[in-house]
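Working through the structure, step by step
This is what each chain is made of:
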Amino acid sequence: GQTGQQLLIGAYQALSRQIDAGNVEMHARTEMLDLIVIDGRARGIVARDLITGQISTYIADAVVLATGGYGNVFYLSTNAKNSNASAIWRAHRRGAYFANPCYTQIHPTCIPRSGDHQSKLTLMSESLRNDGRIWVPKNPGDTRSPDQIPEADRDYYLERIYPGFGNLVPRDIASRAAKNQCDLGRGVGPGGLGVYLDFADAIKRMGEAAVREKYGNLFEMYDRITGEDPYKVPMRIYPAIHYTMGGLWVDYDLQSTIPGCFVIGEANFSDHGANRLGASALMQGLADGYFVLPPMLGNYIASNKFDKVDASHPEVAATVAEATGRLDRLLSIDGERTVDSFHRELGEILWDECGMARSEDGLRKALGRLPELREEFWRSVKVPGSGASLNQSLERANRVSDFLELGELLCVDALHREESCGGHFRVESQTPDGEARRDDDRFAYAAAWEFGGTGGTPILHREPLEFDYVHLAQRNYA
Ligand SMILES: Cc1cc2nc3c(=O)[nH]c(=O)nc-3n(C[C@H](O)[C@H](O)[C@H](O)COP(=O)(O)OP(=O)(O)OC[C@H]3O[C@@H](n4cnc5c(N)ncnc54)[C@H](O)[C@@H]3O)c2cc1C
């Protein structure tokens, strides 16, 4: 938490300096609606001013998308509520391939949801697993308060199953293990969807002052949100969608399959893959282009000729008309279901069928329901207000219309990948111990999907993964 915040402050300061120097023009509260592609190359974007509703075009020699991940497709996630996938999804619709969408990271240490009113989940820092011990009651349905459950009736299941790594196993393993315990009826808290993260031993060992020094800010945040004091009672945690390893396919220059459309950070698929499970997005950032423009962007601009284009160009006008038409259509439906109710249902389907564990049956079920949900959305969503002013229902409806399509692609990708790998656990592909089993003979490739039209079949392109210096090996934390 502290590291990320310091990085953000550094990045904001660097950006502000460039704005002040006149090198960067800032358009706050402005959302990209579509990518302008002329003669097969990205030549700008269409954007909407979220305060006035005004639609504008920005013509350029190249476009760099840095619009983050798509965790919010699941409705509940640790992402900021405004994080969305519209920019990359619209670029995908224009021809940019979308790679490995089913690789999503589920973080084990989040505060469990407390009810249906919730629209966001809170992440507790990973660092808590350094000193906190994770456990559940041994007996399913044990409703005693944690201090009434003696040691003999507790199962410190990560320490038991993974003695070498204990509470520090990678995120996907810790998350799935928590789900397994809850599935066995040993979960704690509302709905039995939680496990304990207990600092009693750490306090005994290090003293409360030392624990406060290390984790005080996190304990305070937990206390404020749950009304429970983690110095006195164990925290309750449960996994939540946190980070997306899939994204727009890019080459080593961070260029998508649309020439001139570059994609950086969590918005691309890049090298996140299976590696990302135990690593840090921000550390990878140095190699992966977080905060910095792709080095090859200058070469691209220098080595191409760009015809003069303005808003009257037929492709620009057509892209504006399409983006505007979509908003007008959303406003005109005037149905009876709220945007959030569609988003919530989408999220529940994805969480149940394309979340911590995916099965062929579940994915087929999801792929049966999702097209119906999409059609129902376009028939009966209610978006009040107008497009000519601040209208958050319209903003959300626009984003959810993309999430509905992206959700389908997630399931298509998960269904086709008949192995467990990189944040994707197929129940049919596990070792006898219940661990993820890869199938490198059939699936050692990045799955790059080409848009197949709304409701159409996406087209799969396989980019083989080649390893010259290391050999693929099955993970084993037991
Ligand atoms: C709670 C939390 C804690 C995390 N902690 C860590 C950590 O400790 N270590 C670590 O390595 N990683 C961490 N991560 C992950 C890491 O923060 C993200 O992967 C990283 O910030 C992504 O950076 P980005 O610049 O690619 O995208 P983002 O930071 O998501 O920025 C994308 C920006 O694009 C904007 N945007 C989106 N769509 C549009 C559009 N259509 N038009 C205009 N703008 C748009 C968004 O509003 C946002 O400002 C954490 C993530 C979360 C949510």
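**So, the overall build of the chain**
Looking only at helices and strands, the chain features 13 helices and 16 strands. Relative to the globule expectation of 23 Å for 478 residues, the C-alpha radius of gyration of the chain, 23 Å, shows essentially globular dimensions. Here the chain, with 478 residues, has 50% of them falling under the buried criterion. Across the chain, the fraction of contacts at a sequence separation of at least 24, relative to all contacts at a separation of at least 6, is 67%. Carbon and sulfur atoms form 52% of the exposed surface of the chain, whose accessible area is close to 22,100 Å². Averaging the coordinates of the 51 positive side-chain charges in the chain and doing the same for the 65 negative ones gives two points 3 Å apart.

**Focus on the nonpolar core**
Counting residues in each nonpolar core, the largest one holds 108 residues, and the members touching the most others are Leu35, Leu65, Leu128, Phe199 and Phe377. Each of domain 1 (2-103 + 245-464) and domain 2 (108-239) contributes no fewer than three residues to this core. Here leucine 65 is in contact with Met32, Ala87, Ile88, Ala91, Leu248, Cys261, Phe262, Val263 and Ile264, once residues within four sequence places are set aside.

**Quick notes on the domain arrangement of the chain**
When its domains are assigned, the chain resolves into domain 1 (2-103 + 245-464) and domain 2 (108-239). Between the C-alpha centres of domain 1 and domain 2 the distance comes to 32 Å. Of the residues lining the interface, 17 residues belong to domain 1; the matching set on domain 2 comes to 18 residues. At the boundary of domain 1 with domain 2, total buried surface from both sides reaches about 1,600 Å², with 56% on carbon and sulfur atoms. Taken together, the residues of the side of domain 1 that touches domain 2 break down into nine nonpolar, four polar and four charged.

**Things to note about helix α1 (residues 2-20)**
Over its 19 residues, α1 extends 27 Å from the first C-alpha to the last, a length consistent with the 27 Å expected when each residue adds 1.5 Å. Backbone geometry just after α1 places glycine 22 at a positive phi near 85°.

**Comments concerning the sheet that holds strand β8 (residues 154-155)**
Read from one edge of the open sheet, five strands run β6-β10-β9-β7-β8, paired in antiparallel fashion. Single-partner strands in this sheet number two, and they are β6 (104-110) and β8. For strand β7 (residues 133-137) and β8, the ladder comprises two bridges, and the chain directions are antiparallel. Residue pairing across strands places proline 137 opposite arginine 154, the latter belonging to β8.

**Re the pattern of salt bridges**
In the structure shown here, the tally under the stated rule is 44 salt bridges. Taking the shortest distance from any N to any O, the salt bridge between glutamate 395 and arginine 399 comes out at 3.5 Å. Separated by four residues within a single helix, glutamate 395 and arginine 399 lie in helix α12 (residues 392-416), roughly one turn from each other. Three or more residues are tied together by salt bridges with common partners; here these are Arg90, Arg93, Arg326, Asp402 and Glu405.

**Quick word on the packing of aromatic side chains**
Counted by the stated rule, this structure contains 16 aromatic pairs. A ring pair is formed by phenylalanine 443 and tyrosine 445, whose centres lie 6.0 Å apart and whose planes are at 40°; its orientation type is tilted. Residue classification places tyrosine 445 among the buried positions, given a relative accessible area of 6%. Ring-pair connections join several aromatic residues into one group, and the members of that group are Tyr70, Trp89, Phe98 and Phe451. Against the face of tyrosine 75 rests lysine 81, its NZ or CZ located 4.4 Å from the ring centre.

**Side note on a nonpolar patch on the surface**
On the surface, Leu465, Phe467, Tyr469, Val470 and Leu472 cluster together into a nonpolar patch covering about 560 Å² of accessible area. Looking at where tyrosine 469 falls in the secondary structure, it is placed in the segment after β16 (459-464). Exposure remark for tyrosine 469: the relative accessible area of 81% places this residue in the exposed category.

**What to know about the pairing of strand β2 (residues 41-49)**
Among the nine residues that make up β2, eight are buried, leaving the element largely enclosed by the rest of the structure. When β2 meets strand β3 (residues 55-59), the two strands line up antiparallel, connected through five bridges. Looking across to β3, one finds that isoleucine 45 is bridged to tyrosine 58.

**Quick word on the state of the cysteines**
What makes a disulfide is a covalent bond joining the sulfur atoms belonging to two cysteines. Counted according to the given criterion, the structure contains zero disulfides. Unpaired in terms of disulfides, cysteine 182 finds its nearest cysteine sulfur in cysteine 110, a separation of 13 Å. Overall, the relative accessible area of 10% leaves cysteine 182 in the buried class. Not engaged in a disulfide, the cysteine cysteine 411 finds its nearest cysteine sulfur in cysteine 354; these two sulfurs lie 4.3 Å apart. Since its relative accessible area comes to 0%, cysteine 411 is described here as buried.

**Notes on the side chain of serine 380**
Here serine 380 lies in helix α11 (residues 360-380). Once you skip the residues sitting within four places of it in the chain, serine 380 turns out to touch Ile333, Gly335, Glu336, Arg337 and Phe342.

**Considering helix α2 (residues 86-93)**
Within α2, seven of the eight residues are buried, leaving the element largely enclosed by the surrounding structure. Taken together, the buried positions of α2 are Ser86, Ala87, Ile88, Trp89, Arg90, Ala91 and His92. A positive phi of about 130° marks glycine 95, the residue just after α2.

**What about the packing of α11 against α12?**
Closest axis-to-axis distance for the α11/α12 pair is 9 Å, and the angle between their directions is 160°. The angle between α11 and α12 falls in the class roughly antiparallel. α11 and α12 meet at a crossing whose hand is left-handed. Where α11 approaches α12, its residues Glu360, Leu363, Arg364, Ala366, Leu367, Leu370, Pro371, Leu373, Arg374, Phe377 and Trp378 are matched on the opposing element by Ala397, Val400, Ser401, Leu404, Glu405, Gly407, Glu408, Cys411, Val412, Ala414 and Leu415.

**Considerations on the environment of tyrosine 238**
Topologically, tyrosine 238 is positioned in strand β10 (residues 235-244). Separated by 182 residues in the primary sequence, tyrosine 238 and serine 420 have C-alpha atoms spaced 21 Å apart. Leave out the neighbours within four places in its chain, and tyrosine 238 touches His107, Pro108, Thr109, Cys110, Pro112, Lys179, Cys182, Leu193, Gly194, Trp351 and Met356.

The rules behind the values
Residues numbered from 1 in each chain as written. Predicted model: local features only at pLDDT ≥ 70, side-chain atom pairs only at ≥ 80, totals over all residues. Heavy atoms only, no water. Helix = DSSP H or I, 4+ residues; strand = E, 2+ residues; numbered from the N terminus. Rg over C-alpha atoms; globule rule 2.2 N^0.38 Å. Buried < 20%, exposed > 50% of the residue type's maximum accessible area, 1.4 Å probe, protein only. Contact = heavy atoms within 4.5 Å. Areas by Shrake-Rupley, 256 points an atom, 1.4 Å probe, with all protein chains shown as cover. Lys, Arg positive; Asp, Glu negative; His and termini not counted. Charge placed at Lys NZ, Arg CZ, Asp CG, Glu CD. Core = buried A, V, L, I, M, F, W, Y, C linked by side-chain atoms within 4.5 Å. Domains from an automatic or database assignment. Buried area = accessible area lost by both parts, 1.4 Å probe. Nonpolar A, V, L, I, M, F, W, Y, C, P; charged D, E, K, R; others polar. Expected span 1.5 Å × (residues − 1). Pairing = 2+ DSSP bridges. Salt bridge = Lys/Arg side-chain N within 4 Å of Asp/Glu carboxyl O. Phe/Tyr/Trp six-rings, centres within 6.5 Å; stacked < 30°, edge-to-face > 60°. Lys NZ or Arg CZ within 6 Å of the ring centre and 35° of its normal. Patch = residues over 30% accessible without salt bridge, like charges linked within 9 Å, V, L, I, M, F, W, Y side chains within 5 Å. Disulfide = S-S within 2.5 Å. Axes fitted to C-alpha atoms, helices over the stretch in contact; angles between N-to-C directions. Parallel < 35°, antiparallel > 145°, perpendicular 65-115°, else oblique. Left-handed = near helix turned anticlockwise from the far one by under 90°.

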